[in-house]
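# Descriptive structure summary
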Amino acid sequence: MVFAAPGEALARAEELLGADPSPLHASVAHQVIGIWQRDFGDTRRALAHLRRARELAARADSAEREADVLATLGVALVHAGRTRDGLAAFERGVARGTGHTRARVLFRRAYVWWVLGRHGEALEDVRRAVPVLRQADDVIWTARALTLRATVHLALGAVDRADADFTAAEALWDTTGQEHDKADAVESRGLAAFRSGDVPAALRLLDEAEERYAKLGTPTFMLTIRRCEVLMAAGLATEALAEADGAIAALDGIGGQSTRKAELLLVAARAARLAGDPQTSLARAALAVRLFAGQRRTWYETHARLVLLEARVATGRASGRLVADAASVAERLAAFGAPAAPEASLLAGRIALGLGWTADAERHLAVAARSRHGGPPLARMTGWAAQALRARAAGSTRGVLEACRRGLDVLDDHRMTLGASELRARATAQGAELAALAQRASLVSGGPRRLLVWSERWRATVLSAPPTRPPADPVLLSTMTAFRELAARADEARTDGGRPAPALEREQRRLEREIRSRTLHMRGEGPGDGDRLDVGRLLDRLGDDLRLVELAVLDGRVHVLLCGQGRVRRFEAGLLTEAEREAEHVQAGLRRLAHPGGEARLPLVEAAGARLQELLLGPAAAHLGNGPVVVVPPSRLHRVPWALLPALRERVLSVSPSAVSWLRAKETAPPPGGRQVLVRGPGLASGGAEVPELADRYGAAPRPRENGGAGADPAADGRPTVLEGDAARVPRVLRELDGAALAHIAAHGTFRADSPLFSSLRMADGPLIVHDFERLDRSPYRIILSCCDTARFASVGADELLGLVTALLPLGTAGVVACSAPVNDAAVVPLMLALHKGLDSGLSLAEALRDARAALPDDAVHRATGWAFSAFGAA
């Protein structure tokens with residue numbers, strides 16, 4: 001009962017002890033309390049109760065009872081970090097028990113061997129226990145033994161064997177009422193899905209297990225460890241670090257298992273390293289090494305030493321001693337049969353290369369490269385990275401490019417199994433090294449065209465194919481509705497001058513987590529690599545007048561790839577860090593110019609624009625010709641207001657996340673019918689004043705309200721649909737936007753740097769978030785977003801952007817006008833009216849925006865407003 005209903009088991013054991021039981025029954029009660037404290041509470045209290053249980057078993061003269069208690073005590077001692085005492089208890093337990101009891105003792109010792117990382121001994125004890133448990137028709141303990149054996153197989157990389165044991169165990173659990181063990185089985189299947197490379201299934205199963213544990217009221221430290229592993233593989237290292245650190249604090253708070261703390265520290269160390277925080281990684285890994293060593297857990301200690309070495313390298317240390325240490329760790333991991341062994345060999349080879357030790361590097365990299373032909377995707381990626389480094393050391397550009405291509409193909413296949421655009425974007429971080437190696441090789445030999453191809457190969461790949469459309473999940477839909485209502489209430493509280501109640505904020509965060517969690521469960525359509533750049537096709541589309549400027553960053557310096565007139569030319573510009581710093585100064589200046597009284601900042605902002613041009617375009621600025629320009633910046637430069645650069649200020653200018661994305665937008669046909677939608681959200685300082693004027697210009701009538709009864713459809717006679725007031729509610733807005741030719745949305749925009757897919761536009765019933773747009777069958781062909789911060793993005797992965805605009809581009813939108821900075825609401829109105837005037841005359845968004853800027857009054861506020869807006873895409 002202590003696993004099926006832990007709380008009830010604890011209460012009944014305490015009740016029994018209060019009724020003056022016999023020594024035999026008292027032994028059982030103390031053992032139950034000891035198990036509860038061991039797994040869910042204070043380890044010290046657990047040991048006290050288990051020692052008392054053993055004394056009572058001896059007094060009752062029951063060898064079988066004493067053997068069973070000794071096994072439970074052995075597990076508790078090992079979890080407390082007292083490995084030698086724990087193994088000694090098992091020796092006595094095996095000696096005292098017979099038959100069925102002895103098989104249970106062997107199973108629990110196998111579990112301890114697994115905890116200690118001694119997988120051979122674990123498999124041997126399980127092999128001896130399972131036939132006896134089956135013969136005794138002990139369904140529960142047989143299922144536990146099969147689950148454990150599967151888990152050991154997973155640790156050794158034997159996924160097929162693990163699947164067979166998990167399947168057999170699950171069939172047995174279905175015949176029992178052991179709810180805790182059933183939750184554990186779901187958790188184990190999540191681990192198996194992860195090891196086989198199915199991240200969405202792993203997240204779904206682990207979330208299901210967490211719900212089951214929550215109903216039982218049991219802590220989930222092991223589940224946290226496994227969930228953190230999956231989060232790291234999905235590119236969510238920062239979240240994994242936060243979860244691991246939170247679990248460590250909770251474990252310390254209850255005096256929990258020392259073994260679990262060490263494992264959580266190891267996970268936190270890995271997460272910190274992947275999140276770019278090597279100092280935190282060093283601290284967590286060093287403590288984990290000490291704990292594992294004290295617990296005599298050599299398998300885990302060796303893994304912790306690998307992370308410690310990786311953190312030291314990330315802090316800039318490199319020495320012959322580190323090469324030797326990494327090689328030693330690789331040898332020990334290989335002896336254990338650990339799948340992480342190639343990582344250690346790759347690390348040793350990488351350090352040796354940096355020191356110029358080519359012979360040593362080749363030896364270690366050759367070992368790591370063996371993993372490229374088998375195993376889960378990330379293991380094969382490790383192998384291809386090692387092969388690419390071998391080829392570079394040997395001076396083979398062709399070998400480098402072939403290894404990089406093969407490695408990125410593996411990651412492409414893995415990435416396309418992920419349905420959520422966020423996971424696809426973040427997963428690309430694992431291909432950053434291969435992409436950089438290929439770019440460097442292209443720069444050395446191959447010319448600008450090859451560099452362009454490789455710059456595109458791993459740029460904005462999340463836009464290369466539409467995300468998986470969220471399922472018609474009633475729970476997800478109701479959760480999103482509840483979130484919207486709650487967010488509207490919170491926003492109303494802020495508008496009234498107060499602050500939302502803490503309970504309201506907590507519930508909003510909970511609903512956000514649930515929406516995000518269910519979205520991350522989506523599985524992709526299957527392997528595929530989306531569009532790949534055909535340079536000839538790109539140059540044909542550009543013709544003689546149009547120029548495409550793609551900015552590639554190699555070793556911190558910006559390289560300008562100027563495409564047009566049938567050729568690709570390369571120019572060197574400035575340092576990326578200096579350009580980023582200048583872009584932040586420009587953003588600060590634009591914020592100041594959005595308010596009256598900031599006119600004195602205008603010359604400073606214009607001078608910063610000239611410096612940005614030198615850093616980002618360099619000598620290429622003199623070769624842009626006189627025609628339109630498309631700028632393709634890297635993700636870290638997404639906040640640059642490109643129209644501020646002197647060479648681009650008077651031009652037809654558009655921005656695109658990649659050349660492939662621009663080509664696709666250029667070749668996207670507008671939908672039939674030319675349907676237009678005008679949306680005005682609540683609470684705008686200007687009142688969205690351009691919307692009524694546009695409605696009058698186009699001859700539109702307002703859309704009937706949701707409860708306003710039937711009426712003629714304005715779109716039926718060519719008039720645009722206008723949604724405002726109560727009609728501007730998210731469900732209606734989404735229905736009208738789906739498949740429209742042009743949408744103009746005047747609404748408060750909010751960018752969420754912490755969770756970019758919750759960036760939103762404020763509608764009458766609450767926020768319209770990026771997750772809502774992803775439900776559209778086809779987003780509008782053209783969208784104009786006349787509000788602040790709609791063109792802000794989060795830079796994630798290798799070179800990816802997450803935000804409102806990038807969510808629309810893969811869904812059928814060919815052109816967007818949006819704003820990257822706070823602007824003056826009143827100054828936006830004439831800009832938008834002038835923009836629509838240009839569209840009415842047949843201009844593209846970029847052409848109309850250029851003319852609209854020129855038509856504005858020549859004062860600081862209006863000029864800053866014009867610079868803050870950009871045209872994205874090609875429509």
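Before reading on, note that the structure itself is shown above.
A brief look at the structure comes next. Being a predicted model, the structure only gives us computed values, none of them experimental.

### Topic: the overall build of the chain
If you tally the helices and strands in the chain, you get 37 helices and 16 strands. Against the compact-globule benchmark of 29 Å for 875 residues, the chain has a radius of gyration of 31 Å, which places it among compact chains. Across its three principal axes, the chain shows a C-alpha extent of roughly 100 × 75 × 45 Å. Only carbon and sulfur atoms are counted for the fraction: they give 50% of the accessible area of the chain, which is about 33,400 Å². Here the chain contributes 113 positively and 105 negatively charged side chains, and the mean placements of these two sets differ by 4 Å.

### Points about the packing of aromatic side chains
In this structure the tally under the stated criterion is six aromatic pairs. Arranged with centres 5.6 Å apart and planes meeting at 85 degrees, the rings of Phe-107 and Trp-141 form a pair that is edge-to-face. Taken as a pair, Phe-107 in helix 6 (residues 99–115) and Trp-141 in helix 8 (residues 139–155) lie far apart in primary sequence, 34 residues in all. For the pair Phe-107 and Trp-141, a shared accessibility class is recorded, and that class is buried. Taken together, a centroid distance of 5.3 Å and an interplanar angle of 20 degrees make the contact between Phe-292 and Tyr-300 stacked. Relative accessible area serves as the criterion here: at 0%, Phe-292 is assigned to the buried category. We classify Tyr-300 as buried; its relative accessible area is 10%.

### Describing unusual backbone geometry
Despite not being glycine, Asp-20 shows a phi value in the positive range, around 55 degrees. Given the relative accessible area of 70%, Asp-20 is considered exposed. The backbone of Asp-555 shows a phi angle near 50 degrees, a positive value even though the residue is not glycine.

### Comments concerning the side chain of Ser-654
You can see Ser-654 is positioned in strand 5 (residues 653–655). The exposure class of Ser-654 is buried, given its relative accessible area of 7%. Beyond its immediate chain neighbours, meaning those up to four positions away, Ser-654 contacts Val-629, Val-630, Val-631, Trp-662, Ala-846, Ala-871 and Gly-873.

### Let's talk about the packing of helix 2 (residues 23–40) against helix 3 (residues 43–59)
Helix-helix packing is characterised by the crossing angle of the two axes and by the distance between the axes. At a closest axis distance of 8 Å, the pairing of helix 2 and helix 3 adopts a crossing angle of 160 degrees. Classed by the angle they form, the pair helix 2 and helix 3 counts as roughly antiparallel. Crossing geometry of helix 2 relative to helix 3 is assigned as left-handed. Where helix 2 abuts helix 3, its residues Pro-23, Ala-26, Ser-27, His-30, Gln-31, Ile-33, Gly-34, Ile-35, Gln-37 and Arg-38 lie against Thr-43, Arg-45, Ala-46, His-49, Leu-50, Arg-52, Ala-53, Leu-56, Ala-57 and Arg-59. Residues belonging to the contact of helix 2 with helix 3 are distributed by class as follows: nine nonpolar, seven polar and four charged.

### Observations regarding the pairing of strand 1 (residues 547–554)
Burial within strand 1 is extensive, with seven of its eight residues counted as buried. The sheet contact formed by strand 1 and strand 4 (residues 629–632) spans four bridges and is parallel. In the strand pairing of strand 4, Glu-550 is matched with Val-632. Pairing of strand 1 with strand 2 (residues 557–564) involves seven bridges; the strand directions are antiparallel. In the sheet register, Leu-548 faces strand 2, and the bridge partner there is Cys-563. In textbook terms, the turn of a hairpin is the stretch between consecutive antiparallel strands, and for strand 1 and strand 2 this stretch comprises two residues, one of which, Asp-555, has a positive phi near 50 degrees.

### Some thoughts on the environment of Ala-366
Among the structural elements, Ala-366 can be located in helix 19 (residues 358–369). Once the C-alpha coordinates of Ala-366 and Arg-390 are considered, the two residues, 24 residues apart in sequence, prove to be 7.5 Å apart.

### What to know about the sheet that holds strand 9 (residues 749–750)
One open sheet accounts for three strands, arranged 9-10-11; its pairing is antiparallel. Of all strands in the sheet, those with a lone pairing partner are strand 9 and strand 11 (766–769), marking the two edges. Here strand 10 (residues 760–763) pairs with strand 11 via four bridges, running antiparallel. Looking at the pairing, Leu-761 lines up with Leu-768 of strand 11.

What counts as what
Residues numbered from 1 in each chain as written. Predicted model: local features only at pLDDT ≥ 70, side-chain atom pairs only at ≥ 80, totals over all residues. Heavy atoms only, no water. Helix = DSSP H or I, 4+ residues; strand = E, 2+ residues; numbered from the N terminus. Rg over C-alpha atoms; globule rule 2.2 N^0.38 Å. Areas by Shrake-Rupley, 256 points an atom, 1.4 Å probe, with all protein chains shown as cover. Lys, Arg positive; Asp, Glu negative; His and termini not counted. Charge placed at Lys NZ, Arg CZ, Asp CG, Glu CD. Phe/Tyr/Trp six-rings, centres within 6.5 Å; stacked < 30°, edge-to-face > 60°. Buried < 20%, exposed > 50% of the residue type's maximum accessible area, 1.4 Å probe, protein only. Contact = heavy atoms within 4.5 Å. Axes fitted to C-alpha atoms, helices over the stretch in contact; angles between N-to-C directions. Parallel < 35°, antiparallel > 145°, perpendicular 65-115°, else oblique. Left-handed = near helix turned anticlockwise from the far one by under 90°. Nonpolar A, V, L, I, M, F, W, Y, C, P; charged D, E, K, R; others polar. Pairing = 2+ DSSP bridges.

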